[in-house]
Amino acid sequence: MAIEIKQLHPLFVGEVSGVDLSQPFCDGLAQDIVAALDKYGVLVFHDQKITDQQQVAFSRLFGPIETTRYLLRPGEPLRLDKHFADVSNMDAHNRVVARDDRKWMGILGNRLWHTDSSFKQISATYSLLSAHVVTPTGGETEFADMRAAYDALSLEMKERIENLVAEHSIFNSREKLGFTDFTPEERAGTPPVAQPMVRVHPGSGRKSLYIASHAGLIYGMSVPEARMLLLDLIEHATQHQFVYTHKWRVGDLLMWDNRCNMHRARDFDSSLPRDMRRTTVCDTANDKRPAAKRAAA
Ligand code: OGA
Ligand code: MN
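Rules of the game
- Residues numbered from 1 in each chain as written.
- Chains lettered and ligands numbered in written order.
- Predicted model: local features only at pLDDT ≥ 70, side-chain atom pairs only at ≥ 80, totals over all residues.
- Heavy atoms only, no water.
- Helix = DSSP H or I, 4+ residues; strand = E, 2+ residues; numbered from the N terminus.
- Rg over C-alpha atoms; globule rule 2.2 N^0.38 Å.
- Buried < 20%, exposed > 50% of the residue type's maximum accessible area, 1.4 Å probe, protein only.
- Contact = heavy atoms within 4.5 Å.
- Lys, Arg positive; Asp, Glu negative; His and termini not counted.
- Charge placed at Lys NZ, Arg CZ, Asp CG, Glu CD.
- Core = buried A, V, L, I, M, F, W, Y, C linked by side-chain atoms within 4.5 Å.
- Donors = N, O, S within 2.8 Å, 3.2 Å for Na, K, Ca; no water.
- Arc of directions from axis to C-beta.
- Phe/Tyr/Trp six-rings, centres within 6.5 Å; stacked < 30°, edge-to-face > 60°.
- Lys NZ or Arg CZ within 6 Å of the ring centre and 35° of its normal.
- Polar contact = N/O pair within 3.5 Å; in protein donor to acceptor, adjacent residues only side chain to side chain.
- Salt bridge = Lys/Arg side-chain N within 4 Å of Asp/Glu carboxyl O.
- Pairing = 2+ DSSP bridges.

## Some points on the overall build of the protein
Helix and strand counts for the protein stand at nine helices and 15 strands. The C-alpha atoms of the protein give 19 Å as radius of gyration, which agrees with the globular expectation for 297 residues (19 Å, within 12%). C-alpha extents for the protein along the principal axes are approximately 50 × 45 × 45 Å. Here the protein holds 297 residues, and the buried ones make up 54% of them. Contacts spanning at least 24 positions in sequence make up 81% of the contacts within the protein whose residues lie at least 6 apart. The distance from the centre of the 36 positive side-chain charges to the centre of the 38 negative ones in the protein is 2 Å.

## Observations concerning the nonpolar core
Ranked by internal contacts, the top residues of the largest apolar core, which has 26 residues, are Ile161, Met197, Leu209, Ile211, Ile218, Leu233 and Met262. Elements with a contribution of two residues or more to this core: helix 4 (146-151), helix 5 (155-161), strand 11 (215-218) and helix 8 (223-237). Of all the elements, helix 8 adds the most residues to this core, at six residues. Counting 24 residues, the second largest nonpolar core, distinct from the first, contains Val16, Ala30, Tyr40 and Val56.

## Re the coordination of the manganese ion (ligand 2)
His114 (NE2), Asp116 (OD) and His263 (NE2) make up the full set of protein donors to the manganese ion (ligand 2), lying at 2.1 Å. Counting the intervening residues between successive donors of the manganese ion (ligand 2) yields the motif H-x1-D-x146-H. Assigned by exposure class, His114 and Asp116 land together as buried.

## Structural notes on helix 2 (residues 52-60)
Of all the positions in helix 2, only Asp52, Gln55, Val56, Phe58 and Ser59 are classed as buried. Seen from one end, helix 2 has its buried residues packed into an arc of 165°, which puts them on one side. Buried residues in helix 2 make contact with helix 1 (29-40), strand 3 (42-45), strand 5 (122-133), strand 13 (253-257) and strand 15 (275-287).

## Things to note about the packing of aromatic side chains
For the structure shown, the criterion picks out eight aromatic pairs. Centroid distance Phe45 to Phe58: 6.1 Å. Interplanar angle 80°. Geometry classified as edge-to-face. Here Phe58 lies in helix 2 and Phe45 lies in strand 3, a separation of 13 residues in the sequence. Classification of Phe45 by relative accessible area gives buried; the value is 0%. Ring geometry for Trp104 against Phe268: centres 5.7 Å apart, planes inclined by 90°, an arrangement best described as edge-to-face. Here the residue Trp104 occupies a position in helix 3 (residues 102-109), and Phe268 occupies one in the loop between strand 14 (261-265) and strand 15, the gap between them amounting to 164 residues. What makes Phe268 buried here is its relative accessible area of 9%. One aromatic cluster in this structure is built from Phe25, Phe45, Phe58, Phe62 and Tyr126. Against the face of Tyr210 rests Arg199, its NZ or CZ located 3.8 Å from the ring centre.

## So, the environment of Arg147
Relative to the helices and strands, Arg147 resides in helix 4. Measuring from C-alpha to C-alpha, the distance between Arg147 and Ser208 comes to 4.3 Å, with 61 residues separating the pair along the chain. If sequence neighbours within four positions are ignored, Arg147 has contacts with Leu37, Asp38, Lys39, Tyr40, Gly41, His201, Ser204, Arg206, Lys207, Ser208 and Cys260. A distance of 3.2 Å separates the side chain of Arg147 from the backbone oxygen of Lys39, its partner in a polar contact.

## Quick look at the pattern of salt bridges
What the rule picks out here adds up to 19 salt bridges. With a shortest N-O distance of 2.7 Å, Asp287 and Arg289 are connected by a salt bridge. Because the salt bridges share partners, they merge into one network encompassing Asp52, Arg79, Asp86, Lys103, Asp275 and Arg277.

## Concerning unusual backbone geometry
The backbone phi angle of Asn94 is positive, close to 60°, even though this residue is not glycine. Turning to its location among the elements, Asn94 is positioned in the loop between strand 4 (85-86) and helix 3. Residue classification places Asn94 among the partly exposed positions, given a relative accessible area of 47%. In this structure, Ser117 takes a positive phi of about 65° despite not being glycine. Note on placement: Ser117 falls in the loop between helix 3 and strand 5.

## So, the pairing of strand 7 (residues 165-168)
Of the strand pairs in this sheet, strand 7 and strand 8 (residues 193-196) are connected by four bridges, and their pairing is antiparallel. From the neighbouring strand, Glu167 faces strand 8, where its bridge partner is Ala194. Here three bridges tie strand 7 to strand 11, and the two strands are oriented antiparallel to one another. Among the inter-strand pairings, His168 is bridged to a residue of strand 11, identified as Ala215.

Okay, structure coming up:
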């Protein structure tokens, strides 16, 4: 069946109908979805009653997927299969975590505007996030259209940032919230990576801003100057006209292209369960591992 798409925001975001991800995938489905993502940046699928295995299988249509440690200490059990980023506020026994729990500190980091995995040596193309338990109020996810935001920059600003490269690290965004409790091993395990701030989005040929709260400095600039420029750009890119707010329903699956959007979670009552499960497709074309490590992989 051909997919049908209704645009939900004047600039981006498509709501897909005619797809049941619990059924065998039809030929051409992945190509149709990639074409839709190239145009809309974010796709919303409603009423998807899928198992974790089906989410993994669907995600793999788009490339290799990440395995995630999610900054848990060694020995702490995972709630979900290792192919998931467990962005719930629940522990391995499906209990809501305490507000001083390390996992909750990490989840709070998602409330800052970001692109997934921009701090990893292999960053992400697509993220797929499924809603299993939602809160009655709050807990929306917002998306900002970084191609439209780039287009709307002044000519002077476009020229100023054209060749700038920012350093991204998970510890930058965590530090913004005062979460600095990481072992030297954890820090060494996720070294910072350099990412150009303006990138051509491969699927559309349009330029896009590639920034995130993980970006902490810009090469060739003082730290305060770099951070101020990043703050200004994030403020610009997240103005009302560039932002879509998604109010979740159980069974929603959102898929977005991290190369042309930023996103953030919104506040919700942390005593209530919110069960969200993300799979993430590796951007193998943006592999920043040292050559020796790549060869050995
Ligand atoms: C994510 C994320 C936002 C949310 O899964 O990458 O940022 O609303 N989630 O949980
Ligand atoms: Mn995210």
